[in-house]
Amino acid sequence: MTAIVCMSGVEVLMEYMEGAVAPDVRAAIEAHVAGCARCEAFIASYRETPRIVREATSVEMPADLEASLLAAIRAARGSARRRDE
Amino acid sequence: MIVGAVDPSDEVLAARAAAGDDPAFEALVVRYQRRVFRLACRLTNETDAPDVVQETFMQVYRHLSTFRGSARFSTWLYRVVVNAGLMHRRARARRPAESLDEFMPRFDADGRHAQTPDALRITPRVDELMDRHVLAKKVQAALQRLPDLYREAFVLRDLEELSTADVAQVLGVEPATVRQRVHRARLMLRGYLSELARGRS
C-alpha cells in the first residue's frame, strides 16, 4: 500500500484527476483525503482556480480591431504580391 | 447555394488558402480571430494582443503551404499564436516578473498542509468578494508572473480548455510534461487567489 500524506498527494493531484496514477496510488489518495479536512479544502480550491482565472480573463475582441485586422492583412498581402512580381 | 450545405472545414479552407484563394484565407481569419485575440490577451496582455493577432495571421498566411493535413489546423494555429506571443514578450524585454513561488503550498515536517482548512478553503469565494474589474486586473497580472512555460501550458489547458493531449501537440512536448507545467501553474495561482481573498495580495 502506498502511503500518502498531504504533500505527496498534492504532488500527484493533477495526474490523479486525469486518471494517470496507478490504482493503488488512487486508492491511497482517496483514503487519505476522506479523513483530511485540509486536503478536502485544498482540492476544492485547486479545482476552482481554472474557472476563476478563465472568467476573469475572458475578454471580447473589440469590433474595430476586427475591421482593422482584415485591412492590415489585405495591405500586407498586396505588398507581398507586388514584391513577388 | 446548396440547401443543407455545411461550412467548409478548417482543413479545406486552409488547403484552398494555400492555393491562393484569398476569400478562403479571410474566412479562416474571421472564424478564428476572436479565439486568437483572447488567447493572445492571456499569453501577453490586452495592449500587446492586437499586434500578436496580426503577426499570427501574417505568419499563417506566409507559411500555409507548410501546413500539412496531418495535424488539425487549430493545433497548428495555436502553435503559431504561442510562438508569436513569446516573441512579443521577448522583444519587450521587460524586467523579469516577480515570481509566484511564494504562493506554492506549504507543508510541515510531516508533510501535512501547514495552513488550516479555513485558510485553504477560501479560494472559491474570491470572485464573490471582489469587484469584477479589480479581480480581472489582478488575475491578469498574476498570470503574467508565471514562467512562460507554465503560462503557455496553463492557458491552453485550463483557459482555452484544450485536452492535455492537444496541448502536448501544440507545445511539442509529452502529456506528462504538460500536466507537470499546468499543475505548477495551478498551485501558484491557487495560492495567489487564496491570499487575494484574505486581503493579503
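Up top is the structure these notes are about.
From a predicted model like this one, the values you see are computed outputs, not experimental measurements.

> I keep staring at the pattern of salt bridges and nothing clicks. Help me out?
Pairs may arise between side chains of opposite charge once their charged atoms sit close together. Residues and elements named next belong to chain A. One pass over the full model with this rule turns up 18 salt bridges over all chains. Of the charged contacts, one joins Glu48 and Arg51 as a salt bridge, the two residues approaching to 2.6 Å between their closest N and O atoms. Residue Glu48 and its partner Arg51 are located together in helix H4 (residues 37–56), separated by three residues, close to a single helical turn. Under the relative-accessibility criterion, Glu48 is labelled partly exposed at 24%.

> What exactly am I supposed to notice about helix H4 (residues 73–92) of chain B here?
Since there are 3.6 residues in each turn of an α-helix, residues three or four apart along the chain are aligned in direction. Between the first and last C-alpha of H4(B) there are 29 Å, a value that for 20 residues agrees with the 28 Å anticipated at 1.5 Å per step. With respect to burial, H4(B) is a largely interior element, 14 of its 20 residues being buried.

> Would you explain the interface of chain B and chain A in this entry?
When the parts of a complex come together, some accessible area is lost, and that lost area is often taken as the interface size. Listed by partner, the interface residues are 54 residues for chain B and 43 residues for chain A. With both sides pooled, the region where chain B packs onto chain A buries about 4400 Å², and carbon together with sulfur makes up 67% of that total. Taken together, the connections running from chain B to chain A amount to five salt bridges. Here Arg74(A) makes a salt bridge to Glu26(B), at a shortest N to O gap of 2.5 Å. Summed over the shared surface of chain B and chain A, the result is 17 residue pairs in polar contact (both at pLDDT 80 or more). Elements with a minimum of two residues in the side of chain B that touches chain A: helix H2 (22–43), helix H3 (49–63), helix H5 (117–121), helix H6 (126–129), helix H7 (132–144), helix H8 (148–159) and helix H10 (175–197) of chain B. For the side of chain B that touches chain A, the leading source of residues is H2(B), giving 11 residues. Each residue belonging to the side of chain B that touches chain A can be placed in one class, and the counts come to 27 nonpolar, 11 polar and 16 charged.

> Sorry if this is basic, but what is going on with the packing of aromatic side chains here?
For any pair of aromatic rings, the description consists of the separation of the ring centres together with the inter-plane angle of the planes. Residues and elements named next belong to chain B. Under the defined criterion, the tally for this structure stands at seven aromatic pairs over all chains. An angle of 85° between the planes, with centres 5.7 Å apart, marks the rings of Phe67 and Phe73 as edge-to-face. The exposure class of Phe67 is buried, given its relative accessible area of 12%. Site record: aromatic cluster; members linked through ring pairs are Tyr32, Phe67, Phe73 and Trp76.

> Before we go on, may I ask you to explain the nonpolar core in this structure?
Generally speaking, a soluble globular protein has its nonpolar side chains buried in company with each other. All names here are of chain B. Judged by nonpolar contacts, the single largest core of 77 residues is most densely connected at Phe57, Leu64, Phe73 and Leu156. If you tally residues by element for this core, the top one is H2, at 11 residues. Ignoring sequence-local partners within four residues, the contact set of Leu156 consists of Leu39, Tyr78, Val82, Glu161, Leu162, Val167, Val170 and Leu171.

Criteria and cut-off values
Residues numbered from 1 in each chain as written. Chains lettered and ligands numbered in written order. Predicted model: local features only at pLDDT ≥ 70, side-chain atom pairs only at ≥ 80, totals over all residues. Heavy atoms only, no water. Salt bridge = Lys/Arg side-chain N within 4 Å of Asp/Glu carboxyl O. Helix = DSSP H or I, 4+ residues; strand = E, 2+ residues; numbered from the N terminus. Buried < 20%, exposed > 50% of the residue type's maximum accessible area, 1.4 Å probe, protein only. Expected span 1.5 Å × (residues − 1). Contact = heavy atoms within 4.5 Å. Buried area = accessible area lost by both parts, 1.4 Å probe. Polar contact = N/O pair within 3.5 Å; in protein donor to acceptor, adjacent residues only side chain to side chain. Nonpolar A, V, L, I, M, F, W, Y, C, P; charged D, E, K, R; others polar. Phe/Tyr/Trp six-rings, centres within 6.5 Å; stacked < 30°, edge-to-face > 60°. Core = buried A, V, L, I, M, F, W, Y, C linked by side-chain atoms within 4.5 Å.

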